[in-house]
Amino acid sequence: MTILWGGRFAQKFDTAAWDLNSSLPVDQRMAIQDVDGSLAWVNALHKANILLDEEHTSIALGLAAIKEEFSSGQFSFVPSDEDIHTAVERRLTELIGPTAGKLHTGRSRNNQVTTDFRLWMLGAIPALDSALLNFQAALVEQAELAGEALMPGYTHLQRAQPILLAHWWLSHYWPLQRDRTRLKDLIVRVSVLPLGCGALAGTPVPVDRTALAVSLGFAEASPNSLDAVSDRDFAAEFLFCASMIGIHLSKLAEQIILFTSTEFGFFELSDAFSTGSSLMPQKKNPDVFELTRGKSGTLLGLLTGFIVTLKGLPSTYDKDLQEDKAPVFTATDTLLTILPVITGALRTITAKLERMRTAIDSFMMATDLADYLVTKGIPFRETHTIAGNAVRAAGEKKIGLDEMPLEVYQALSPAFEADVYQVFDPMRSVEKRNAIGGTSPQSVKNQIKQIKGE
Ligand code: ARG
């Protein structure tokens, strides 16, 4: 087999070492990007008067034919293809003969691979964004469907204060909105062209790198060749974004798992997104959310693994960097697999409104009780203690705060009057939290307006 860089070697390369070295199984996914990058490079070489018109035409036509072979699934790899770059060049030689050898003039795989990778990522980010957007749409749909339905809000997984179910749905919208902004912001750093930096020191060919960048859809050409061939921040950052998305999805997944349990019974999954047990006929399991939660760990592992790979690498290109693509591809695939499924699961989930409403007990309005006394002129720190005493008294009597006689309240504080019982209306509690970001129906309406850009 003919190896691209075989010239200086007298002996055959060990086959096991070849397998270790080869990155084709992973990087063949960047075939189209590799051909596009080569086409742009050959155009730049031509403009720089490195190629004759007929050489340029021949290489460009050959590359176009190769692109067609990839698009139609006709391209065949051979055992000597070490990576996608060598595969394309080998095929070009088969198609147009020795002129193909001029394509790699002034170029190295070091600047080529990271160009391909960046191009690939520039395509993956919008795909991820639109999957996230669909998922967010399902959350907003559910929020709108929930109307003014109430549910218990928790801290420490203990009943805390009543909230609107819609507010809870939207609390999962905003983190994903930040994730999407983060991805968009990352585009700025991905959209920097390494091509034209050679192996490390730059290219001796007088190419217009700015024009080259524009021709490939990049915003700018990298300003330092040593940095250009070794920079993988963008990949680490992408993996961070993916991990953060995973964590946000996992947090929601955990809540759905908990809330679909019989103990909570706040939601029921549709049959299309539930799984059964091979043993227990009654089971309706939330596997898709458990897998979402589980895969968030895998995503975080991809980030951790790769960022450690980058630590302490000597400048500039090191073969360790070949480890960059697999985690990014896996992270992308993982999210693009999870997102449509949980989007469907949320679109078809049923909220058990009555069950949520009855899970709100009068003790969840203990803060409102303290706030009530504040309106009677007592400082909050004192009212907190009085309300605490009321909670204790009701607990001892095994009754709700709303069932405790007025005399008992008045014994705790003479400021209590007959209107105190109004505070135990959870909707009243919710309505009072009307400042920006609160759970009141008005605030939730405002959030939806903000989301829809109205
Ligand atoms: N397959 C390599 C990678 O993914 C391409 C660059 C190889 N460069 C080299 N000098 N060996 O990083």
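For the structure, check the block above.
Attention here is on the structure that accompanies the text. One numbering rule holds for all chains: residues counted from 1, following each sequence as written. Residue-level local features of this predicted model are given only where pLDDT is at least 70; pairs of side-chain atoms are given and counted only at 80 or more, and the full residue set underlies all totals for whole chains, interfaces and linings. Derived side-chain values reflect all non-hydrogen atoms in the structure, with water molecules and hydrogen atoms excluded from consideration.

### Focus on the overall build of the chain
Scanning the chain for helices and strands turns up 19 helices and 6 strands. For 454 residues, the compact-globule formula gives about 22 Å, and the C-alpha radius of gyration of the chain, at 31 Å, lies well above that figure. Structurally, the chain occupies a C-alpha span of about 100 × 55 × 40 Å along its principal axes. For the chain, the residues scored as buried account for 48% of the 454 residues in total. By the criteria applied, helices consist of DSSP H or I runs no shorter than four residues and strands consist of E runs no shorter than two, each listed in order from the N terminus. The atom set for the radius of gyration is the C-alpha atoms, and the globule formula is 2.2 Å times the number of residues raised to the power 0.38. Here's how the labels work: a residue is buried when its accessible area is under 20% of the maximum for its type, exposed when over 50%, partly exposed in between, all with a 1.4 Å probe on protein chains only.

### Observations regarding the pattern of salt bridges
Salt bridges, as used here, are contacts in which a Lys or Arg side-chain nitrogen is within 4 Å of a carboxyl oxygen on Asp or Glu. As enumerated under the stated definition, the model contains 28 salt bridges in all. Ionic pairing is found between Arg-180 and Asp-129, a salt bridge with its closest N-O pair at 2.7 Å. Linking Arg-180 in helix α8 (residues 173–190) with Asp-129 in helix α6 (residues 109–146), this pair joins segments that are 51 residues apart in sequence. Using a relative accessible area of 16% as the deciding quantity, one classes Arg-180 as buried. Given a relative accessible area of 23%, Asp-129 falls into the partly exposed group. The salt bridge partner of Glu-144 is Lys-452, with a shortest N-O separation of 2.7 Å. Of this pair, Glu-144 sits in helix α6 while Lys-452 sits in helix α19 (residues 441–452), and the two are 308 residues apart along the sequence. By relative accessible area, which is 42% here, Lys-452 ends up partly exposed.

### Some points on the layout of surface pockets
Put simply, the grid is 1 Å and covers the protein atoms alone, a cavity is a trapped set of points that fit a 1.4 Å probe, a pocket is an open set with protein on both sides within 12 Å along at least five of seven lines, and lining residues have an atom within 4 Å of a point. Grid points are joined across faces, edges and corners, and a volume is the space filled by probe spheres set on the points. The computed volume of the largest pocket comes to approximately 340 Å³. Lining the largest pocket we find 15 residues, and of these Thr-260, Ser-261, Thr-262, Phe-267 and Lys-284 sit closest to its centre. Amino acids outside the nonpolar list (Ala, Val, Leu, Ile, Met, Phe, Trp, Tyr, Cys, Pro) and the charged list (Asp, Glu, Lys, Arg) are all regarded as polar, and Gly is one of them. Its residues placed into classes, the lining of the largest pocket shows 4 nonpolar, 6 polar and 5 charged.

### Examining the side chain of Gln-33
With respect to the helices and strands, the residue Gln-33 is situated in helix α3 (residues 31–47). Sequence-distant contacts of Gln-33, defined by excluding residues within four places in its chain, comprise Asp-116, Leu-119 and Trp-120. Contacts are residue-level and defined by heavy atoms, with any inter-residue pair within 4.5 Å sufficient.

### Quick word on the nonpolar core
Grouping buried Ala, Val, Leu, Ile, Met, Phe, Trp, Tyr and Cys residues that are joined through side-chain atoms within 4.5 Å yields what is termed a nonpolar core. Judged by nonpolar contacts, the single largest core of 93 residues is most densely connected at Met-121, Trp-168, Trp-169, Phe-289, Leu-346 and Leu-369. In terms of residues, this core owes the most to one element, α6, which gives 15 residues. Core analysis: the next-biggest nonpolar cluster, separate from the first, contains 30 residues, Ile-66, Phe-75, Leu-92 and Val-207 among them.

### Overview of empty space enclosed by the protein
One simple way to see leftover space: roll a probe sized like a water molecule over the atoms. For the coordinates displayed, the defined rule picks out 1 cavity of 30 Å³ or more. In this structure, the largest cavity occupies an estimated 40 Å³ of space. Lining the largest cavity we find Phe-135, His-172, Leu-176, His-248, Leu-249 and Leu-252. Counting residues per element, the lining of the largest cavity draws most heavily on helix α11 (residues 233–259), at 3 residues.

### With respect to the environment of Ser-72
Mapped onto the elements, Ser-72 comes out in the loop between α4 (53–71) and α5 (84–96). Residues Ser-72 and Asp-320, spaced 248 residues apart in sequence, show a C-alpha to C-alpha distance of 32 Å. Pairs of N or O atoms within 3.5 Å make up the polar contacts considered here, provided that, within protein, one atom can donate a hydrogen while the other can accept it, and that residues adjacent in sequence are counted only when both atoms are side-chain atoms. Of note is the side chain of Ser-72, whose polar atom sits 3.4 Å from the backbone oxygen of Glu-69.

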